[in-house]
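Chain and residue survey
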Amino acid sequence: GAEVELGCTAEGRPPPLLSWFRGPQVLQEEPGVPSLRLHLPQVSPGDSGTYTCVAENRHGRHNRSLELHVA
C-alpha cells in the first residue's frame with residue numbers, strides 16, 4: 001500500500017521522447033521533457049515486475065530497466 005515514484009532523466013538533441021513501460025505496455029510518455037516521473041500511488045504485489053524507461057530521438061534509443069518487488 002506504499003507510494004512509489006520512479007524517475008528517469010535524459011538529454012539529447014533533439015530532445016528525446018521519454019517513456020515508461022511495464023513489459024510491453026506503455027504507462028506514460030512525454031516528448032521533449034528532460035525528466036519523467038512515474039507515480040505509483042498504492043503498490044501491491046501485482047505491481048511487481050520490470051519497469052523500463054526509454055529515451056528516443058532520431059539518433060537512437062537508450063533504456064534502463066529496474067525490477068520492483070512488492071511483498
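Predicted model only: the values in this text are computed from it and were never measured. Residue positions are counted from 1 within each chain, in the order its sequence is given. Under the rules for a predicted model, residues below a pLDDT of 70 receive no local features and side-chain atom pairs below 80 are neither given nor counted, while totals for whole chains, interfaces and linings still include all residues. The side-chain numbers reported here are obtained from all heavy atoms of the structure, hydrogens and water having been left aside.

What follows concerns the environment of Phe21. For the purposes of this entry, the term helix denotes a DSSP run of H or I that reaches at least four residues, the term strand denotes a run of E that reaches at least two, and both are numbered from the N terminus. Along the chain, the position of Phe21 falls in strand β2 (residues 17–22). Placed 31 residues apart in sequence, Phe21 and Thr52 show a C-alpha to C-alpha distance of 5.1 Å.

Moving on, we come to the state of the cysteines. Note on terminology: pairs of cysteine sulfur atoms within 2.5 Å are recorded as disulfides. What the rule picks out here adds up to one disulfide. Put simply, Cys8 and Cys53 are joined by a disulfide, and their sulfur atoms are 1.8 Å apart. Across the S-S bond linking Cys8 and Cys53, the dihedral sits near -75°, which makes this disulfide left-handed. Here Cys53 lies in strand β5 (residues 49–57) and Cys8 lies in strand β1 (residues 4–9), a separation of 45 residues in the sequence. Pair check on accessibility: Cys8 and Cys53 agree, each one buried. For every residue, the accessible area obtained with a 1.4 Å probe (protein chains only) is divided by the maximum for its type, and the residue is called buried under 20%, exposed over 50%, and partly exposed between those limits.

So, about the sheet that holds β5. Strands qualify as paired when DSSP identifies two bridges or more between them. Strand order in the open sheet formed by four strands is β3-β2-β5-β6, with antiparallel pairing between adjacent strands. A strand with exactly one partner marks an edge of an open sheet, and here the two such strands are β3 (25–31) and β6 (60–68). On average, each strand axis in the sheet is tilted by 15° relative to the strand beside it, whichever way the strands run. As paired strands, β2 and β5 are joined by six bridges and run antiparallel to one another. Paired with Leu17 across the strands is Glu56, a residue of β5. Where helices are involved, their axes are fitted lines through C-alpha atoms of the stretch in contact, as for all axes, and angles between N-to-C directions lie from 0 to 180°.

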